[in-house]
Amino acid sequence: MGEITEFLTLMIPAMVPFLLAAQGTVLSGRAGVFNVSQEGLMVLGAAIGFLVSFKVGSNTVGLFAAFAAAALFGLVLAYMTTQLRLDQFVVGLALYFAALGAAGLLYREVIGVTMAPPLIPTLDDYPIPLLSEIPFLGEVLFDHDLVVYAAFLISAGIYWFMYKTRSGLAFRSIGENPKAADSLGINVTWARTWSTVVGSGLVGVAGAYLPMVYTGLYTEGMVAGRGWLVIALAFLGGWRPHLVVAGAAFFAGMEVLALRAQVAGIGIPHQFVLMLPYVATLLVMVFAFRWARQPAFLGRNYDRESRLVG
Amino acid sequence: MTTQQPPRLEMRRVVKTFGPVVALDSVDLVVARNEVHGLLGGNGAGKTTLMNVLYGLYRPNSGEVLLDGEPVTVGSPRDAIDAGVGMVHQTFLQVDNYTVTENIVLGTDVSGALRLDLDEARKRIRELSTRFGLSVDPDAVVEDLPVGVRQRVEILKALYRGARLLILDEPTTNLTPQEVDDLFGSMRAMVDDGMSVVLITHKIRETLGVCDRMTVMRDGRSVETIERSDTDADHLADVMVGGTTGPGELIDAAALGAVDAEEVEVTVSSVRDAVGVSVQGLVVNNDQGHELVPGFDLEIREGEIVGIAGVAGNGQVELAEALAGVRAVRAGSVEVGGRSMCGRPASAWLDHGVAYVPEDRHRDGILPTASITENLVLGSQRSPGVRRHGLLDWGAAKQRAVEAIEQFSIRANGPATPAGDLSGGNIQRVILARAFARRPRMLILHNPTRGLDLGSTRFVYDQVRVATDAGCAILLLSEDLDEVIAMSDRVIALFKGSRAGEWQKGTVDAYEVGRSMTGLGEARV
């Protein structure tokens, strides 16, 4: 019992980077923009979030700064793909490298080489009154920092927007058939732009959360491939926000499990446990491709006056 | 009062260029109130381009648009919708996994942006579909619907937005004769209700059947606007091609719908006794692994044209691809010229003289960014004519391309022109040139004249005749029923991958075929 509670209590915050980044990916993906720069944006978000928090002394400001920086990269991606119609994958990879480089450079410029690495305070827990007193559930779900609650609220909000509003219906249609959407007066460029900007911003916040939740330290490589996993997660969840939540729980669970396996020194190398999310994604793609559907126009640019694409 | 009313639509001196190509060369068009106005012409004529300008999809270089006498600027489809213009495109612009209602309300009613209450919309859709005779189930998912119903959804989309002027781009392409009649009935109901309808078409017969007036376009210009009562099929055909039609082209004219197919006399039959192609118990799956052709038998004699009539999605693509050797055959046998072909690689089929003209010529027929020369060499790259020292002899290939351009009248700036830059008709000529370069024993034609202008259509038919004279067995799959009936020695109706009826030339009744195509006819195999 205590073991399970502890596991789940650790899993919930571990879900946050996956959730925020994957919902951001899903958001732009449903409009047809396939962002592949998550890993870079998360590293950049982590660096900027850490540095701004360190200098300003406020984690909140750090989180917003990370959002803004990553959103700026998203704007570049949106502009390059909707206006210049450059290949989404190529631009995304370029942005990945640019973000990675920018993160390393910023840290070196601001902090330099130090004997003792600088620290920022980790995020405080805010137990939700009443709810957090429910036995078991209260401890697992309602005794975390504010970003945890925000991540779940954002997931719910994106789900509600996509499936419960008319604008959401219009929005999703862009990723399925932008020409149909355009012919009905839906602004394809605008939808792709804002969703890519906001989506990328969320990826940045996902990165910034990492130094703020566990150690208060920033280390190179602390994102540790989560950005790439997020792409797998978007596919695993079939680009649907509610299923992404379930997928994030699975990924985070594996992460916690790997960590515990490492600590407990069980015979299985923890790397094997870390591989499970990838294996699971592959299996889902192979065996449940009908369920794991993706937007029909994902990754493809739209040109209204193009005479070739029907 | 009525004489004072301005026309519903007036387009003045509209010019549109795509790079160096002048698609619209100062076009004028006047559509009156309460009329069905035909916009007639071949595919390069600019009819669709003109309507795309009106609908805000293309930005014109210059020109004026007036709706009900008011000048309007249409910068996007949103402007067009707001001005009361609706357009049904040739390829349906629908979100496949949305329901009918969701597709129709998409992008409407900004005030209700924060909720998704579709009950009101459903009621409106039911009301509209009753009023105009466009029956649909509002809750069906569109990807499950047959083409005819999906078209009604497209029309309802425009009506739902309160269109005063509805543009229909080649709406009859995939419809059975019954569905065409229903559609024309709905168009009449709309016009009686105060709307105006523009019917884009290249079919003379349907223009005469439903239009009050018609404007003929040719080479990006509007040639003439004619009252229905002042014209007939011959006259329209003359205006369309801009010249006179010779007497030997009656079959072509029938295929274009200028005269009834039944009136065409079979003059010369080139059918020989020898069997060219023999297919037995053919089973083929579609891309999703469903069995779409559950066992098909077919015999085509040398020089014979067998036409397959069917609504799109009844196994035509699977059948054509299996017989062309590019799709795996699950069971059954295919013999071409007495040799069993199943299980051999596509190159063996090619070498044995199987030629395939696919339905989607852009996607499956050419490499759009490769030159005409390269496209023509494709498939015969190993043949001795274009090989030197084990490498491709580009000089010889280019020479071939130059000859093909000459012989097949391909309009291009030269053999180095990328195939994707050509018009649909010229792309089809490239594909035919490639097919005929191998002296085919079997030729599979899938919608070979779809979207082609009159000249190119004629050209395709002429080439088909040359091939049958040479003893080639031809399988013609077409969604244009008139074409199938006019061209084929035998017509087979295809429904759910099976033969739903078969008729010899001269005994074909279009309505009967139409019933069989939709599974309603009695099979007489």
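Presented here is a report on the structure given in the accompanying data block. None of these values were measured; they are calculated from a predicted model. (Residues numbered from 1 in each chain as written. Chains lettered and ligands numbered in written order. Predicted model: local features only at pLDDT ≥ 70, side-chain atom pairs only at ≥ 80, totals over all residues. Heavy atoms only, no water.)

1. What to know about the overall build of chain B
Now for step 1: Helix and strand content of chain B: 18 helices and 22 strands.
Now for step 2: Relative to its length of 525 residues, chain B is compact, with a C-alpha radius of gyration of 24 Å against a globular reference of 24 Å.
Now for step 3: With the C-alpha coordinates aligned to their principal axes, the bounding extent of chain B is approximately 75 × 50 × 50 Å.
Now for step 4: Within chain B, the fraction of its 525 residues that count as buried is 56%.
Now for step 5: Element-wise, carbon and sulfur atoms account for 47% of the exposed surface of chain B, whose accessible area totals about 21,800 Å².
Now for step 6: Counting 54 positive and 74 negative side-chain charges, chain B places the centres of these two groups 5 Å from one another. (Helix = DSSP H or I, 4+ residues; strand = E, 2+ residues; numbered from the N terminus. Rg over C-alpha atoms; globule rule 2.2 N^0.38 Å. Buried < 20%, exposed > 50% of the residue type's maximum accessible area, 1.4 Å probe, protein only. Areas by Shrake-Rupley, 256 points an atom, 1.4 Å probe, with all protein chains shown as cover. Lys, Arg positive; Asp, Glu negative; His and termini not counted. Charge placed at Lys NZ, Arg CZ, Asp CG, Glu CD.)

2. With respect to the interface of chain A and chain B
Now for step 1: With 26 residues of chain A in contact, the opposing surface of chain B contributes 41 residues.
Now for step 2: Together, the buried faces of chain A and chain B total about 2,700 Å²; carbon and sulfur atoms form 57% of this surface.
Now for step 3: By the criterion of area lost to chain B, the three top residues of chain A are R166, L169 and L184 of chain A, representing 30% of everything that side buries.
Now for step 4: On inspection of chain A and its partner chain B, the count reaches zero salt bridges.
Now for step 5: Counting the contacts that link chain A with chain B gives six residue pairs in polar contact (both at pLDDT 80 or more).
Now for step 6: Put simply, the parts of the chain that give the side of chain A that touches chain B at least two residues each are α6 (146–164), α7 (166–176) and α8 (178–183) of chain A.
Now for step 7: Among the elements that take part in the side of chain A that touches chain B, α7 of chain A stands out by supplying seven residues, more than any other.
Now for step 8: In the side of chain A that touches chain B, the residues fall into eight nonpolar, seven polar and eleven charged. (Contact = heavy atoms within 4.5 Å. Buried area = accessible area lost by both parts, 1.4 Å probe. Salt bridge = Lys/Arg side-chain N within 4 Å of Asp/Glu carboxyl O. Polar contact = N/O pair within 3.5 Å; in protein donor to acceptor, adjacent residues only side chain to side chain. Nonpolar A, V, L, I, M, F, W, Y, C, P; charged D, E, K, R; others polar.)

3. A closer look at the pattern of salt bridges
Opposite charge on two side chains permits them to pair, given that their charged atoms come into close proximity.
Residues and elements named next belong to chain B.
Now for step 1: In total, this model carries 35 salt bridges over all chains according to the counting rule given.
Now for step 2: Close ionic contact of R490 with E502 constitutes a salt bridge, the shortest N to O distance being 2.9 Å. A residue pair is termed long-range when its members are at least 10 positions apart, and R490 in strand β21 (residues 490–495) and E502 in strand β22 (residues 498–504) qualify at twelve residues. Note on accessibility: R490 and E502 belong to one class, buried.
Now for step 3: In this structure, a network of salt bridges that share partners links the residues R8, R33, D68 and R164.

4. Structural notes on the environment of M442 of chain B
Residues and elements named next belong to chain B.
Now for step 1: Structurally, M442 is set in strand β19 (residues 442–446).
Now for step 2: Relative accessible area serves as the criterion here: at 0%, M442 is assigned to the buried category.
Now for step 3: Sequence separation between M442 and V277 is 165 residues, and the spatial gap between their C-alpha atoms is 7.3 Å.

5. Some details on the sheet that holds strand β3 (residues 36–40) of chain B
All names here are of chain B.
Now for step 1: The strand order across the open sheet formed by six strands is β6-β7-β8-β3-β9-β10, and the pairing between neighbours is mixed. Since the sheet does not close on itself, it has two edges, and those belong to β6 (85–88) and β10 (221–227), each with one partner. For this sheet, the mean inter-axis angle between neighbouring strands, taken without regard to orientation, is 20°.
Now for step 2: Two elements, β3 and strand β8 (residues 196–201), share five bridges in a ladder whose sense is parallel. Each bridged residue has a counterpart across the sheet, and for H37 the counterpart in β8 is V198.
Now for step 3: Across the face of the sheet, helix α1 (residues 47–54) comes into contact with β3, β6, β7 (165–169), β8 and β9 (213–218) while running at roughly 145° to β8.
Now for step 4: Contacts from helix α6 (residues 177–192) reach β3, β7 and β8, with the element oriented near 145° to β8. (Pairing = 2+ DSSP bridges. Axes fitted to C-alpha atoms, helices over the stretch in contact; angles between N-to-C directions.)

6. Regarding empty space enclosed by the protein
Residues and elements named next belong to chain B.
Now for step 1: Inspection of every chain in the model, using the stated rule, returns four cavities of 30 Å³ or more.
Now for step 2: Within this model, the largest cavity holds a volume of roughly 140 Å³.
Now for step 3: Lining the largest cavity we find 15 residues, and of these T173, H202, R450, G451 and D480 sit closest to its centre.
Now for step 4: Quantified by volume, the second largest cavity comes out at close to 110 Å³.
Now for step 5: Elements represented by at least two residues in the lining of the second largest cavity include exactly β6 and α5 (147–160).
Now for step 6: Residue composition of the lining of the second largest cavity, grouped by class: eight nonpolar, five polar and three charged. (1 Å grid on protein atoms, 1.4 Å probe; cavity = no way out; pocket = protein on both sides within 12 Å on 5 of 7 lines; lining within 4 Å. Points joined across faces, edges and corners; volume = space filled by probe spheres on them.)

7. Comments concerning the environment of P77 of chain B
Now for step 1: Mapped onto the elements of the fold, P77 of chain B is located in helix α2 (residues 77–82).
Now for step 2: Under the relative-accessibility criterion, P77 of chain B is labelled buried at 1%.
Now for step 3: Considered as a pair, P77 of chain B and L168 of chain B are 91 residues apart in the sequence and their alpha carbons are 15 Å apart.
Now for step 4: Setting aside its immediate chain neighbours within four residues, P77 of chain B contacts D182, S183, G185 and R304 of chain A together with Y55, G56 and L57 of chain B.

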